[in-house]
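# Structural characterization, general
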Amino acid sequence: MTKLSLLFLSFATFAAAQPAADLDKKLADLDKAVKSAQSAGDNAWMLVSAALVLMMTGPGLALFYGGLARRKNVLGTMMHSFILMAVVTVLWAVVGYSLAFAEGNVFVGGLKYLFLTGVGADPNSDYAATIPQGTFMVYQLMFAIITPALISGAFAERIKFSGMLLFTILWTLIVYFPMAHMVWGKNGLLGATWGRIPTFDFAGGTVVHITSGVSALVCALYLGHRKGYGTEPMRPHSLVISTIGACLLWVGWFGFNAGSALAASSLATSAFIATHFGAAAAALGWMIAEWMKTGKPSVLGAISGCVAGLVAITPASGFVKPFPALLIGFLAGIVCYLMVSVVKNKFGYDDALDAFGVHGIGGTLGALLTGVFATREINDLFMGKPMGLVDGNPGQVLNNAIGAAIAWVLALVGTWVILKVCDAVIGLRPQEQEEIEGLDLSMHGEEGYSFEA
């Protein structure tokens, strides 16, 4: 008799000797312990992921954008990212979480969670059944923080600080919260499982990158060129700082995408792999395209390509296999490079730090390709039915295209109206002399570098 058989026989003998009530209690206790262990593991992963996503804004995005700005605007540019960590947090606690994730209509949530009422240790099974709702809430907060911060790359070096604050508050209320609800909120219009137009967006291709990138273009067009644009050199003042920021973004993006599995699961592993592969392929794609066009591979190109790949793989990360992730990243590197180096120059708009070329275009490309490569082998949302085009469901490409189009329209219209309101109420553009002097001194009374100290 094998050891396994002996063990089974011993257990059966022991079980038979126990009163039925005792055995039921032991089984119930065991089930409770298993669920507690799973909850603890998932909760730990989600708290780490939330910290990683916050790191993407500060220091990641702050350093990335700060290094790309001119020296006289480095502090003002970094301040945009930093202060939104405070402003959006308060807005989220008061009303934002409720508008995004409380049950409402198909466009926006209700007021059930106003002032975070009822958001605590108990899980919300509609979103994440194994972690406290408080953990889910704070994780989603980090997405709300970084999204408007991405827009600041378009209006860097030419917006009043007060105007930026008012714009961000209104934009988050009018554009971000409704878009988050439509894609991720219960009964939202574009929800992958319950929406009328099921759109696959695992970690924010439409919610984060399309909305911020398209809004960035509107801001760039509305505010016009920086003083001296086209006649004065406007090179990045420190690619060293920007490279550090890009590396922090790459690392933090694992919390952004893999964390969107909302559990320490095999799906998180798959999203982690897809994220890394997409970033790597995009860095190479951008570098090769630039090398062929200019004869030199630049550091700025490589780090921009990396971010473009991270953007494009975001909606697909929880739906695609590793090699489609490589393809999505590689295409994003090439397409975003062409947008930044060819299309922007042809049309002449001043997207200062290329927020539209990277996030708007990269996010749109990623959303469309998610509809192509999503497969039930990675994420069986439809319970055995085909997911994307590769599974035999070409309609998903159309669904994702509609979702992307809705994000474009909301961002275009909403941003234009908000800019008009902000300009009328408080003004957006600094005085000419303030802009020439630099926003660090004129807006904040400080300088990023003091060489006399």
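Let me begin by describing the structure that accompanies this report. (Residues numbered from 1 in each chain as written. Predicted model: local features only at pLDDT ≥ 70, side-chain atom pairs only at ≥ 80, totals over all residues. Heavy atoms only, no water.)

## Notes on the packing of aromatic side chains
Applied cut-off: Each pair of aromatic rings taken from Phe, Tyr and Trp, with Trp reduced to its six-membered ring, is defined by centres within 6.5 Å and is described as stacked if the planes are under 30 degrees apart, edge-to-face if over 60, and tilted in the remaining cases. Here a helix means four or more residues in a row that DSSP labels H or I, a strand means two or more in a row labelled E, and each is numbered from the N terminus. Only protein chains enter the accessibility calculation, which uses a 1.4 Å probe. A residue is then buried if its area is under 20% of the maximum for its type, exposed if over 50%, and partly exposed in between.
Evaluation of the coordinates by the stated rule reveals 25 aromatic pairs. Ring centres of Phe 143 and Phe 256 lie 4.3 Å apart, and the angle between their planes is 20 degrees; on these two criteria the pair is classed as stacked. Note that Phe 143 is positioned in helix α4 (residues 133-155) and Phe 256 in helix α7 (residues 239-257), a separation of 113 residues in sequence. Each member of the pair, Phe 143 together with Phe 256, is buried.

## Focus: the pattern of salt bridges
To be explicit about the condition: Salt-bridge detection follows one rule: a side-chain nitrogen of Lys or Arg within 4 Å of a carboxyl oxygen of Asp or Glu.
Applying the stated rule across the entire model yields 10 salt bridges. A salt bridge links Arg 70 to Glu 157; the nearest nitrogen and oxygen atoms lie 3.2 Å apart. Here the residue Arg 70 occupies a position in the loop between α2 (20-68) and α3 (74-101), and Glu 157 occupies one in the loop between α4 and α5 (161-184), the gap between them amounting to 87 residues. Comparing Arg 70 with Glu 157, the two get one shared label, buried. A salt bridge links Glu 103 to Lys 186; its shortest N-O distance comes to 3.5 Å. With a gap of 83 residues between them, Glu 103 in the loop between α3 and α4 and Lys 186 in the loop between α5 and α6 (205-223) connect regions that are remote in the sequence. The class of Lys 186 is partly exposed, set by a relative accessible area of 21%.

## Comments concerning the packing of α3 against α4
Short version of the rule: The axes are straight lines fitted to the C-alpha atoms, using for helices just the contacting stretch, and the angles between their N-to-C directions are given from 0 to 180°. Each angle receives one of four descriptions, namely roughly parallel if under 35 degrees, roughly antiparallel if over 145, roughly perpendicular if within 65 to 115, and oblique otherwise. Rotating anticlockwise by less than a right angle from the far helix to the near helix defines a left-handed crossing, while the corresponding clockwise rotation defines a right-handed one. The contact definition used throughout considers only heavy atoms, calling two residues in contact when any of these lie within 4.5 Å. Residue polarity is assigned by list, with Asp, Glu, Lys and Arg as charged and Ala, Val, Leu, Ile, Met, Phe, Trp, Tyr, Cys and Pro as nonpolar; anything else, Gly included, falls into the polar class.
Direction vectors running N to C along α3 and α4 enclose 130 degrees, while the axes themselves pass 8 Å from each other. Comparing the axis directions of α3 and α4 gives the class oblique. Viewed along their axes, α3 and α4 form a crossing whose handedness is right-handed. Contact with α3, carried on its side by His 80, Ser 81, Leu 84, Met 85, Val 88, Thr 89, Trp 92, Tyr 97 and Phe 101, involves Gln 133, Phe 136, Met 137, Gln 140, Leu 141, Ala 144, Ile 145, Pro 148, Ala 149, Ser 152 and Phe 155 of α4 and no other residues of that element. Class assignment of the residues belonging to the contact of α3 with α4 gives a composition of 14 nonpolar, 6 polar and no charged.

## So, a nonpolar patch on the surface
In plain terms, the rule: Put simply, a patch holds well-exposed residues, over 30% relative accessible area, that have no salt bridge, with like charges counted together within 9 Å and Val, Leu, Ile, Met, Phe, Trp or Tyr side chains within 5 Å. Using a 1.4 Å probe, accessible areas were evaluated by the Shrake-Rupley method; residue-level cover was limited to the displayed protein chains.
Side chains of Val 409, Leu 412, Val 413, Val 417, Val 421, Val 425 and Ile 426 sit close together on the surface and give an oily, nonpolar patch of about 560 Å² of accessible area. In this structure, Val 417 sits in helix α12 (residues 395-425).

## Concerning helix α10 (residues 322-347)
Along an α-helix, residues three or four apart share an orientation, since each turn contains 3.6 residues. Short version of the rule: Take the number of residues in a helix, subtract one, and multiply by 1.5 Å to get its expected span. One axis fitted to the seven residues ending at a residue, another fitted to the seven starting there: the angle between these axes is the bend at that residue.
Here α10 is 26 residues long and its end C-alpha atoms lie 36 Å apart, about the 38 Å a rise of 1.5 Å per residue gives. Where α10 bends most, the angle comes to about 35 degrees, and this point is Met 339. Taken as a whole, α10 has its buried residues at Pro 324, Ala 325, Ile 328, Gly 329, Ala 332, Gly 333, Cys 336, Tyr 337, Met 339, Val 340, Ser 341 and Lys 344. In the core, the buried residues of α10 are packed alongside α8 (266-294), α9 (299-313) and α11 (355-373).

## Brief notes about α9
Filter applied, for reference: N or O atoms within 3.5 Å of each other form a polar contact, as long as, within protein, one can give a hydrogen and the other can take it, and as long as residues adjacent in sequence are counted only when both atoms are side-chain atoms.
Taking 1.5 Å per residue, 15 residues should reach 21 Å; α9 reaches 21 Å between its end C-alpha atoms and fits that length. Most of α9 is tucked away, with 12 of its 15 residues classed as buried. Residues Gly 301, Ile 303, Ser 304, Gly 305, Cys 306, Val 307, Ala 308, Gly 309, Leu 310, Val 311, Ala 312 and Ile 313 constitute the buried set of α9. Where α9 begins, the capping side chain belongs to Ser 298, and its oxygen is found 2.8 Å from the backbone nitrogen of Gly 301.

## A closer look at the side chain of Ser 341
Tracing the chain through its elements places Ser 341 in helix α10. Judged by relative accessible area, Ser 341 falls into the buried class, the value being 17%. Of note is the side chain of Ser 341, whose polar atom sits 2.8 Å from the backbone oxygen of Tyr 337.

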